[in-house]
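# Overview (structure and organization)
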Amino acid sequence: MSSMHMYSTVTIFAPLDSPLRRLAAADAQHSLAMPVGVEKTWSLTLALRVTGTSPISALAFSLDGMCIACGSMDGAIQLRNTHTGTQMQALEGHTSTVRSVSFSPTGKELLSGSEDGTVYVHDVATEARLCSWVEDCGMVLSVAWSLDGILAASACERDSVRLWKVSSPEKTVVLRRAGRFQQVVFAPDGNLLSSSFAVCHVWDARSLNLNLDSDADMAPIWIQEHGATIAVVAVSPDSRLVACGLHGGPIVLSNKSDGRRVRSLPSQSQVMSLVFYPNNALAAAYNNVVFTLWDVSTGAELVKTISNEWANAAAFLSDRLLIAHAVGGQVQIRLCPSELEHDTSLLGQVIQRCRPSTTHWCSTADDRERRTLLRAVATSPTGKLVAAVYEDELRVYGASTGRCERVIRHLSTLAPMTTWSPTSNLLTCSGKGGVVRVWKADTGERVGTFTGHSGTGTTVVFAPDEQHILFGSFDGAIHRGRIRQSVDKTSSQVLFQSDGVHIIALALSPDGHWILSAATTGSPLADTAGADLLAIPSVTTSLDRSHKRRPRDRTRGLQ
């Protein structure tokens, strides 16, 4: 026998003096709690996410800092939002460990190399594979884009570096030297740097004839030998210095022009990532010392943070605000701790990129005294206003102050649909009897009242011009109503109707010419032969349906 349970929505039908009603009243939400203020200190962690069961083997930020690529040992690549950790895209194709990932300067493509010997160029937006190569020289250990986006390169474990023009990927030039190539990186001046065991090479990539698909008979500009295997290479923004991080050893700084050593920075742990900053500093990420900032001119250690976790991948954002640190299948994205301590000029960028958590919550006195239930909350697109829907009224609050700006009398449904217009000038909410009302946010003046649905309303959206609204219902209909006509109940135009279909979501294209709807149904869509339908589901057994539809007046869209 299963235990008895009850949805909280049924408690409002219980008598006022019943034990059930009194029990539920203690937990009922009567007021809108609104966060105000800022943190006393900045939290360095922006996102912490587990990407899967397979350990992360490669990390890279997009140049705008909005996305991070996480390559895994199972061959999968996930693209995640930098500030939330939310997965944006999933790229497939590799069958073994992804050793290196690199965004193009535009952020529209991602280059990846794997131990399965393949190199792929992915379209970030569509997840499509644009180009691919299968190396005949073993595992691909590193990939890189030139800063101007013209060239790309890959490093193979057996004696070769492959170089090609992005515009003509079918033609590649192979640079060969004895040894296992660990990494390739482009300098800002266009030179290509590669590491092979304990040797660093500098190549004049600009002088190569990249129109030939062959090996290049070319020697490096110079080579530099070290006492240990090179783990990672970085070049300063002015192309003057080269930093080579050695396995279990120091970071060696050299002049790029002739290979002359400048100084060595002592070993901290196994170095995994290096990046030069414009203010004569070098940041290093280690596997158990998360972050160290070095003064390049003096060799002094400026900042150091310690982690007890053994990391397997790390990456910096090129504008030095963010660092990603992976342990197993978990990636942590943090602000570099030096930013607020050593470079206050970047504080404005930090504030724009990071939304601080709140320090306290407030409710107005009249909210605390309210007796009706809070049924829905919606924040305006500008982020300045918050709409709170109660049983018998709608209130508009200032998001930063928590002050009630406006009270609108309105009898709502149990699950009201509440939506702001794109400019935050209008607000709509569903009411009892299938009525949908629209108000001006600044005055509370009602500018539209629409009827027509026979079932419960489920979704409502504004047209981009804010002259119309579209709303869907469990009755299978999509209605359109014109705003700023009579405020009395006005019938609306039916754009789509199908029996047995429950419309659950609507969306409009930015130009207002296309409608996308989603529905749940146990039977095939009706009216699928109509000329107004652009696309319909191909699998009729699915419970989740969607289709695109042209408005009847295609020349005017929703005007």
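The structure contained in this document is the topic of the report that follows. (Residues numbered from 1 in each chain as written. Predicted model: local features only at pLDDT ≥ 70, side-chain atom pairs only at ≥ 80, totals over all residues. Heavy atoms only, no water.)

### A closer look at the pattern of salt bridges
Between side chains of opposite charge, pairing is possible as soon as their charged atoms come close. Under the criterion given, the structure shown has eight salt bridges. Arg240 is paired through a salt bridge with Asp238; the nearest N and O atoms lie 3.5 Å apart. Arg409 serves as the salt-bridge partner of Glu393, at 3.4 Å between the closest nitrogen and oxygen. Of the two residues, Glu393 is situated in strand E34 (residues 393-398) and Arg409 in strand E35 (residues 404-409); the sequence distance between them amounts to 16 residues. Using a relative accessible area of 5% as the deciding quantity, one classes Glu393 as buried. (Salt bridge = Lys/Arg side-chain N within 4 Å of Asp/Glu carboxyl O. Helix = DSSP H or I, 4+ residues; strand = E, 2+ residues; numbered from the N terminus. Buried < 20%, exposed > 50% of the residue type's maximum accessible area, 1.4 Å probe, protein only.)

### Some remarks on the side chain of Ser424
For Ser424, the location among the structural elements is in the loop between strand E36 (418-420) and strand E37 (426-430). Polar side-chain contacts of Ser424 include one of 3.3 Å to the backbone nitrogen of Thr382. Those residues in contact with Ser424, other than ones at most four positions away along the chain, are Ser380, Pro381, Thr382 and Ala441. (Polar contact = N/O pair within 3.5 Å; in protein donor to acceptor, adjacent residues only side chain to side chain. Contact = heavy atoms within 4.5 Å.)

### Let's talk about the environment of Phe316
Structurally, Phe316 can be placed in strand E28 (residues 313-316). Residue Phe316 is classed as buried on the basis of its relative accessible area of 10%. For the pair Phe316 and Ala284, spaced 32 residues apart in the sequence, the C-alpha separation amounts to 8.8 Å.

### Section: the sheet that holds strand E5 (residues 77-81)
With respect to topology, four strands assemble into an open sheet ordered E3-E4-E5-E6, the strand pairing being antiparallel. The strands lining the two open edges of the sheet, one partner per strand, are strand E3 (56-61) and strand E6 (87-91). The average undirected angle you get between the axes of adjacent strands in this sheet is 20°. Pairing geometry for E3 and strand E4 (residues 67-72), over five bridges, is antiparallel. If you follow Ile56 over to E4, its bridge partner there is Ser72. (Pairing = 2+ DSSP bridges. Axes fitted to C-alpha atoms, helices over the stretch in contact; angles between N-to-C directions.)

### Here we look at the pairing of strand E25 (residues 281-286)
Judged by how many residues are buried, E25 sits mostly within the fold: six of six residues are covered. Here E25 shows a buried face lined by Ala281, Ala283 and Ala285 and a second buried face lined by Leu282, Ala284 and Tyr286. In terms of strand pairing, strand E24 (residues 271-277) meets E25 through six bridges, oriented antiparallel. Directly across from Tyr277, in E25, lies its bridge partner Ala281. Turn length for the E24-E25 hairpin, with the two strands adjacent in sequence and antiparallel, is three residues, and the turn residue Asn280 shows positive phi of about 65°. Here four bridges tie E25 to strand E26 (residues 291-295), and the two strands are oriented antiparallel to one another.

### Re the environment of Ala283
As for its position among the elements, Ala283 is in strand E25. Given the relative accessible area of 0%, Ala283 is considered buried. Considered as a pair, Ala283 and Leu302 are 19 residues apart in the sequence and their alpha carbons are 9.8 Å apart.

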